[in-house]
Amino acid sequence: MTAQDRPIVTLLTDFGEGSYVASVKGVLLSITRSIQIVDITHSLMMGDVGPAGYVLSNTSRYFPPGTIHLAVVDPGVGMDRLPLILRADGHYYVGPDNGLFGEVLRTAVEVNAFHVREEKWLAQRISPTFHGRDLFAPVAARLAGGADPGDLGDEIAPADLIPSPIPTPVRTRDDLTGQIVWADSFGNLMTNLTEKMVEEWCGENTYQVVLGWERIRNRIRTFQDTSKGSLAFLFGSWNTLEVVVSEGSAATRLGVSIGEPVRLERVVAG
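As the structure is a computational prediction, the values presented were derived from the model and not from experiment.

Undergrad: Describe in detail unusual backbone geometry, supporting the description with residues and values.
TA: Here N239, not a glycine, exhibits a phi torsion of approximately 60°, which is positive. Its location among the elements puts N239 in the loop between β13 (231-235) and β14 (240-245). Positive phi, normally seen in glycine, also occurs at E247, with a value near 55°. Relative to the helices and strands, E247 is located in the loop between β14 and α7 (250-254).

Here it is in structure tokens:
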């Protein structure tokens, strides 16, 4: 079996450094040895489901169909939330039904959802504090080994799943309001305002970005299209509006947090 033939399992967690990620990988490999494991990130903010779902949605789309995305950001671990398999547009997602997959659900066309049942193929003892290792990893491994989601759980209506905690942007004639949903490792502040959304709202009209006390009119195409240290905005690699500082960190410069409102205002000439 070549590397191209081996199923891909991605991992996205808020576990950080340490042994937890290794434990999950150990379970995956113990059940299904012939897999490729790809780490998306483990440095997400602890328990912050919205940004995690945003990163998952915007990263998972670049993997081939059939990829299994094991995602565990689970502040309610051990509590009353469903363990879930989601089949969306040819990809599989395994994790808790707590809004983590809400951003995937926003854009997916074909979706099936399954409530995982605790059967004999799960860990003999499921820790109430480590479902990533004892519940979700065995499910992902069985899927990678060729199991059908219907064999691992009961199908449920996607409409009943918990939505993303990131609110839908609000549009009026004169403004469009979203929020900061992620700050990348460079300090670029990413929003949930897509380029298509902005174009449909404003067309060819001029607008400015209002974030905190700042009003930003400097729209650029690349990071070098403005002078060093300048505050600007652009549409980044995920086709969403980002507030940036050329050769610097907008997150440090502005000191804003995830969830901060971002408002686009029409600029009236005169």
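Undergrad: Go over the nonpolar core, please, and point to the residues and values.
TA: Of all hydrophobic cores here, the largest spans 26 residues; its most connected members are V24, L28, L70, I85, V94 and V139. Taken together, the elements giving at least two residues each to this core come down to β1 (8-13), α1 (20-31), β3 (68-72), β6 (111-116) and α4 (131-144). Ranked by residues supplied to this core, first place goes to α4 with 8 residues. Setting aside chain neighbours within four positions, we find V24 in contact with L11, F15, L70, F130, G132, R133 and A137. Grouped together as the second largest cluster of nonpolar side chains are 25 residues, L86, V104, L161 and W238 included.

Undergrad: Talk me through the sheet that holds strand β7 (residues 153-156); I want residue IDs and the actual numbers.
TA: Taken together, the 7 strands give an open sheet; going across it, the order is β2-β1-β3-β5-β4-β6-β7, and neighbouring strands pair in mixed fashion. Because the sheet does not close on itself, it has two edges, and the strands there are β2 (36-41) and β7. Strand-to-strand twist in this sheet, taken as the mean axis angle between neighbours without regard to direction, amounts to 25°. Pairing of β3 with strand β5 (residues 91-96), which is carried by 3 bridges, proceeds in the parallel orientation. Note on β5: the bridge partner recorded for H69 is Y93.

Undergrad: Which residues make up the packing of aromatic side chains, and what values do they have?
TA: Enumeration over the complete set of coordinates arrives at 7 aromatic pairs. Consider the rings of Y20 and F130, whose centres lie 5.4 Å apart with planes at 85°: the pair is edge-to-face. Of the two residues, Y20 is situated in helix α1 and F130 in the loop between β6 and α4; the sequence distance between them amounts to 110 residues. Using a relative accessible area of 48% as the deciding quantity, one classes Y20 as partly exposed. Above the face of the W201 ring, R266 is positioned so that its terminal group lies 5.0 Å from the ring centre.

Undergrad: Break down the layout of surface pockets for me, citing the residues and quoting the values.
TA: Its volume calculated, the largest pocket comes out at about 510 Å³. Taken together, 26 residues make up the lining of the largest pocket; nearest its centre are S57, R61, E103, R106 and T107. Elements with a minimum of two residues in the lining of the largest pocket: α2 (49-60), β5, α3 (102-107) and β10 (189-194). Looking at the lining of the largest pocket residue by residue, the class counts come to 11 nonpolar, 11 polar and 4 charged. Here the second largest pocket is characterised by a volume of approximately 300 Å³. Lining of the second largest pocket is provided by 14 residues; of these, D14, F15, D74, V77 and T129 occupy positions nearest its centre.

Cut-offs applied
Residues numbered from 1 in each chain as written. Predicted model: local features only at pLDDT ≥ 70, side-chain atom pairs only at ≥ 80, totals over all residues. Heavy atoms only, no water. Helix = DSSP H or I, 4+ residues; strand = E, 2+ residues; numbered from the N terminus. Core = buried A, V, L, I, M, F, W, Y, C linked by side-chain atoms within 4.5 Å. Buried < 20%, exposed > 50% of the residue type's maximum accessible area, 1.4 Å probe, protein only. Contact = heavy atoms within 4.5 Å. Pairing = 2+ DSSP bridges. Axes fitted to C-alpha atoms, helices over the stretch in contact; angles between N-to-C directions. Phe/Tyr/Trp six-rings, centres within 6.5 Å; stacked < 30°, edge-to-face > 60°. Lys NZ or Arg CZ within 6 Å of the ring centre and 35° of its normal. 1 Å grid on protein atoms, 1.4 Å probe; cavity = no way out; pocket = protein on both sides within 12 Å on 5 of 7 lines; lining within 4 Å. Points joined across faces, edges and corners; volume = space filled by probe spheres on them. Nonpolar A, V, L, I, M, F, W, Y, C, P; charged D, E, K, R; others polar.

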